[in-house]
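What the coordinates show
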Amino acid sequence: MEKPIERRSVTAAQTGQEYVPSSKIRSAADIERAAAGVIDVDAKTTTYVVLACIIAASGGVLFGYDGGTTGGVESMAQFSRWFFPQTGDSSFYCKYNNKSLQAYSAIMHFTGSLASIPASYFTQHWGRKGSMIIAGTSFCIGAVCQASAKNTFAPLFLGRIFWGIGVGFGDHCAFIYTAEMAPPRWRGRLNTIVQLGTIGGIVVANAINIGTNKWIAGWRISLGLAAVPGSILLLGGLFLPETPNSLVERGYLSEAKNVLQKVRGTKDVDVEFDTIVLANEALKGMENPWRAIFRRRNRPQLVLAIAMPFFQQWSGVNGVSFFAPQIFAGVNALGSGNEGSLIAAVIVNGVQLIATIITVFIVDRVGRRTLLISGSVLGFAAEIAVAIVFAVAAGKNAVNLPFGASIAAIVLIGLYSISFGFAWGPIGETCSCAALHDMHGLAM
């Protein structure tokens, strides 16, 4: 028999109001079922849910646009001659051998990983909206710094640092905001929108780079347009409501229920609101999550939560998605020069976008495990095959691949991108969050 939850009033210290949980939620198992969408929660497709999806996508776009535009901008001759004149074609395997250029690429990722640490604490204690505002503002400042750079590295690197802060906070709050605003039964599907926004941002950036590549100052436009997704996230943080979960965590129960009623489009939100309040009270009675996460009983979840994003990144996706123009610099199947490599980048990242869109609609029906295993097998085979093509077709001192090998490389890297869009991309993030759903701040 399931153990009933103690029925006690919950006091909102800030408002002086009390909320007595509804009798519809009677046990810890009821909380789990309601949170998972098993217990039906009346919810409509409201404007708030749609806007939450847009915010989630823009959070992913921050990271995706950065990667897509950076690789293309670095391959533009007008940009490299201005800031990195030592860069030059040495061989097929080493097109951009310049430590300053490599540091310019890496500093955003390094800063983003550091920023994610305070982002976790800030998002939990001061709300999701605050993190959205920080992320959007940082990305806009970073875009302005880089687009206005002239003859020194300082504005470029400063802008990349701001982008890193924006990505660290934006990637963190986007998942949480979407999960908490979405109806329980839609959360698995809507969380994939963040990954959809990431790859969508890469594709859009690749397409913009094709157009700006023809202009002397085109790289300024590519970098400056990064302010668009940043502005969307900033406006969302300024004008959209805080999530009910965040308000409950901080004791604002009356405001939380009002927001939940607006978001769900109905006054009948007792079941879901009871779930949020009681789950929050249960978490308050637990030990410090930093201690609990290392307990022996939590080791399986901890290992999964670390292993999934680790192997997601080590699958090589960032190298393909972000630096496709450099990878295809020696592939002449789509035309000579930089434009051909930019077109190849759009194709490779475009098929990943299509695969991710399909996954949004089939993930709940097919299952995460099936998609993850099949996608991993396809990606592994494609990476081995493309390595063989490069090894056989590119000689030691070769600068470009032969036509046939170029076509094969584009197809095989495209297959790898498809496998990532079906598996590790949208599913990797979701599984790591699900593994530590009771300690979501740490999981992110």
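Everything numeric in this text was worked out from a predicted model, so none of it was measured.

What follows covers the packing of aromatic side chains. What the rule picks out here adds up to 14 aromatic pairs. For the ring pair Trp 82 and Trp 219, a centre distance of 6.0 Å and an interplane angle of 80° mean the geometry is edge-to-face. Of this pair, Trp 82 sits in helix H3 (residues 77–83) while Trp 219 is found in helix H8 (residues 218–224), placing the two residues 137 residues apart along the sequence. Taken together through their ring pairs, the aromatic side chains of Phe 79, Trp 82, Phe 83, Tyr 104, Phe 153, Phe 157 and Trp 219 make up a single cluster. Directly above the aromatic system of Tyr 104 lies the positively charged group of Arg 160, at a separation of 5.0 Å from the ring centroid.

Mapped onto the elements of the fold, Thr 356 is located in helix H17 (residues 338–366). Excluding residues that lie within four positions of it along the chain, Thr 356 makes contacts with Gln 195, Leu 196, Ile 199 and Gly 421.

Here the focus is a nonpolar patch on the surface. Together, Val 50, Leu 51, Ile 54, Trp 215, Ile 221, Leu 225, Val 228 and Ile 232 line one region of the surface with nonpolar side chains, adding up to about 650 Å² of accessible area. When contributions to the nonpolar patch are tallied by element, the ones reaching two or more residues are helix H2 (47–75) and helix H9 (227–239). Per-element accounting of the nonpolar patch gives the leading share, three residues, to H2. You can call Ile 221 partly exposed: its relative accessible area is 35%.

Where H17 contacts helix H19 (residues 403–422), the axes come no closer than 7 Å and their chain directions differ by 25°. Taken together, the axes of H17 and H19 are roughly parallel relative to one another. H17 and H19 meet at a crossing whose hand is right-handed. Listed contacts from H19 to Ala 344, Val 348, Val 351, Gln 352, Ala 355, Thr 356, Ile 358, Thr 359 and Ile 362 of H17 are Ile 410, Ile 413, Gly 414, Ser 417, Ile 418, Phe 420, Gly 421 and Phe 422. Split by residue class, the contact of H17 with H19 holds eleven nonpolar, six polar and no charged.

Should pLDDT be low for a region, the predicted coordinates there are not to be read in detail. In the predicted model, the protein chain carries a mean pLDDT of 77, and the fraction of residues at 70 or more is 76%. Segment residues 1–17: pLDDT under 50, and 39 contacts once partners within four positions in sequence are set aside and those in other chains are kept. Contacts from residues 34–38, a stretch scored under 50 in pLDDT, to residues over four places away or in other chains number ten contacts.

Another point: the side chain of Asn 209. Tracing the backbone shows Asn 209 in helix H7 (residues 187–212). A residue is classified by how much of its surface remains accessible, and Asn 209, at 0% relative accessible area, is buried. At 2.9 Å, the side chain of Asn 209 forms a polar contact with the side chain of Ser 222. Among residues more than four places away in sequence, those in contact with Asn 209 are Gly 68, Thr 69, Gly 72, Val 73, Met 76, Ser 222 and Leu 342.

Criteria and thresholds
- Residues numbered from 1 in each chain as written.
- Predicted model: local features only at pLDDT ≥ 70, side-chain atom pairs only at ≥ 80, totals over all residues.
- Heavy atoms only, no water.
- Phe/Tyr/Trp six-rings, centres within 6.5 Å; stacked < 30°, edge-to-face > 60°.
- Helix = DSSP H or I, 4+ residues; strand = E, 2+ residues; numbered from the N terminus.
- Lys NZ or Arg CZ within 6 Å of the ring centre and 35° of its normal.
- Contact = heavy atoms within 4.5 Å.
- Patch = residues over 30% accessible without salt bridge, like charges linked within 9 Å, V, L, I, M, F, W, Y side chains within 5 Å.
- Areas by Shrake-Rupley, 256 points an atom, 1.4 Å probe, with all protein chains shown as cover.
- Salt bridge = Lys/Arg side-chain N within 4 Å of Asp/Glu carboxyl O.
- Buried < 20%, exposed > 50% of the residue type's maximum accessible area, 1.4 Å probe, protein only.
- Axes fitted to C-alpha atoms, helices over the stretch in contact; angles between N-to-C directions.
- Parallel < 35°, antiparallel > 145°, perpendicular 65-115°, else oblique.
- Left-handed = near helix turned anticlockwise from the far one by under 90°.
- Nonpolar A, V, L, I, M, F, W, Y, C, P; charged D, E, K, R; others polar.
- pLDDT = per-residue confidence, 0-100.
- Polar contact = N/O pair within 3.5 Å; in protein donor to acceptor, adjacent residues only side chain to side chain.

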